[in-house]
Protein chains: 2
Amino acid sequence: MTQIPLVPADAVGTAEFEPCSVTPVIDMIFSRWTTPILRVLSAEGPLRFSEIRDWLGTVTPKVLTQRLRQLERDGLITREEFGEVPPRVEYMITDLGLSLRPAFDFLGSWSDEHMPQVEVARLAYDGSGRPRPA
Amino acid sequence: MTQIPLVPADAVGTAEFEPCSVTPVIDMIFSRWTTPILRVLSAEGPLRFSEIRDWLGTVTPKVLTQRLRQLERDGLITREEFGEVPPRVEYMITDLGLSLRPAFDFLGSWSDEHMPQVEVARLAYDGSGRPRPA
DNA sequence: CTGTATCCCTTTTGATACTG
DNA sequence: CAGTATCAAAAGGGATACAG
């Protein structure tokens, strides 16, 4: 196995390593529904509330509103309200939101390439007598 | 979290989108503590239970055990038990686990580069009169 | 159409004490 | 040292109804 150090060898174990540095961004973009929202807005362009809901399928309006608000507050999407009747609101990805796409693309590729291996590992583990994770 | 389709229910088979394949891998590697565990094992090499706990700081033994079991079952880390007294157990990243490092590295870089912009967006939003996300 | 407001349940996480 | 067991707390979501 190839061991790739994150920090210079002389700094290993000297408290230079901060294992939680990615946690804030993980909390921001990997809560439920956020990734699909960002991906569909990246791929489809501006969408209305009901269009996003239809793309996601089973999300409830309360949760969808929560997620859209958070993404808007974080500057990852914009919300534009048109003064029409019936009301029309369009959500659009920002440049900041678009800058996350390499992460989603990598994870998508990784999934295609490696999830079968994960499935094999799970089957092997489950047949090994090791305790099931809670 | 379950798999979230990225295809409207009435457009299955006709859309150019595939199912949201990133959701399972997100569930796997972005639950609490898992990313720091993978990162510290990538950076520091094999570590004992108590060493990982010390790196993470505030994790409780119950939760740490859960996470280590899940990562082991998914094939991202290995667990080696030495028949010694007092007991010694070492956890080590696998090649499969190591293959996720580009994702963590990207998110770390993205955090360094863009989180200040997120902070600015949050302040602007909070001063704009828009409703606070729940 | 675009959300809000409630209620409630499940899952997740933590605190603490204990064992081989 | 390396975990388990038990209890409690909290957060995250979902179902449903309703409002502007």
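The notes below deal with the structure included here.

Parameters at a glance
- Residues numbered from 1 in each chain as written.
- Chains lettered and ligands numbered in written order.
- Predicted model: local features only at pLDDT ≥ 70, side-chain atom pairs only at ≥ 80, totals over all residues.
- Heavy atoms only, no water.
- Contact = heavy atoms within 4.5 Å.
- Buried area = accessible area lost by both parts, 1.4 Å probe.
- Salt bridge = Lys/Arg side-chain N within 4 Å of Asp/Glu carboxyl O.
- Polar contact = N/O pair within 3.5 Å; in protein donor to acceptor, adjacent residues only side chain to side chain.
- Helix = DSSP H or I, 4+ residues; strand = E, 2+ residues; numbered from the N terminus.
- Pairing = 2+ DSSP bridges.
- Axes fitted to C-alpha atoms, helices over the stretch in contact; angles between N-to-C directions.
- Core = buried A, V, L, I, M, F, W, Y, C linked by side-chain atoms within 4.5 Å.
- Buried < 20%, exposed > 50% of the residue type's maximum accessible area, 1.4 Å probe, protein only.
- 1 Å grid on protein atoms, 1.4 Å probe; cavity = no way out; pocket = protein on both sides within 12 Å on 5 of 7 lines; lining within 4 Å.
- Points joined across faces, edges and corners; volume = space filled by probe spheres on them.
- Nonpolar A, V, L, I, M, F, W, Y, C, P; charged D, E, K, R; others polar.
- Near = heavy atom within 4 Å.

Here the focus is the interface of chain A and chain B. By a widespread convention, an interface's size corresponds to the accessible area lost as its parts come together. Taken together, the 65 residues of chain A in the interface contact 67 residues of chain B. For the chain A and chain B pair, buried surface summed over both sides reaches about 6,000 Å², with 68% attributable to carbon and sulfur atoms. Counting the contacts that link chain A with chain B gives 6 salt bridges. Residues E72 of chain B and R130 of chain A are paired through a salt bridge, measuring 2.7 Å at the closest nitrogen-oxygen approach. Scanning the region where chain A abuts chain B turns up 11 residue pairs in polar contact (both at pLDDT 80 or more). Ranked by residue count, the leading element in the side of chain A that touches chain B is helix α6 (residues 101-126) of chain A, at 17 residues.

Before going further, it helps to examine the sheet that holds strand β1 (residues 47-48) of chain A. All names here are of chain A. Spatially, β1-β3-β2 is the arrangement adopted by the 3 strands of the open sheet, whose pairing is antiparallel. The sheet is open, and its two borders are formed by β1 and β2 (77-82), each paired with just one other strand. Taken together, the 6 bridges between β2 and strand β3 (residues 88-93) define a ladder with antiparallel strand orientation. From the neighbouring strand, I77 faces β3, where its bridge partner is I93. Sheet strands touched by helix α2 (residues 34-44): β1, β2 and β3. Its angle to β3, the strand with the most contacts, is close to 95°. The sheet contacts of helix α4 (residues 61-73) involve β2 and β3, and relative to β2 the element is tilted by about 110°.

Counting 66 residues, the largest nonpolar core has I29 of chain A together with I29 of chain B as its most contacted members. Here I29 of chain A is in contact with T34, T35, L38, L76, L100 and F104 of chain A together with L107 of chain B, once residues within four sequence places are set aside.

Before going further, it helps to spend a moment on the layout of surface pockets. By volume, the second largest pocket is sized at about 210 Å³. T23 and D27 of chain A together with S31, R32 and W33 of chain B are, among the 13 residues lining the second largest pocket, the residues nearest its centre. Listed by contribution, the elements that provide at least two residues to the lining of the second largest pocket are α1 (23-29) of chain A together with α2 (34-44) of chain B. Across the lining of the second largest pocket, the residue classes break down as 6 nonpolar, 5 polar and 2 charged.

The full set close to DNA strand D counts 20 residues, and R32, K62 and R67 of chain A together with R48 and Y91 of chain B are the nearest of them. For DNA strand D, the backbone makes up 67% of the atoms found within 4 Å of the protein, where backbone means sugar plus phosphate. Between DNA strand D and the protein, one listed contact pairs a phosphate oxygen with a side-chain N or O atom of R69 of chain B at 3.0 Å. The contact in question runs from a phosphate oxygen of DNA strand D to an N or O atom on the side chain of Y91 of chain B, over 2.7 Å. Elements represented by at least two residues in the surface near DNA strand D include exactly α4 of chain A together with α3 (49-56), α4 (61-73) and β3 (88-93) of chain B. If one sorts the elements of the surface near DNA strand D by residue count, α4 of chain B sits on top with 4 residues. Per-class residue counts for the surface near DNA strand D are 9 nonpolar, 3 polar and 8 charged.

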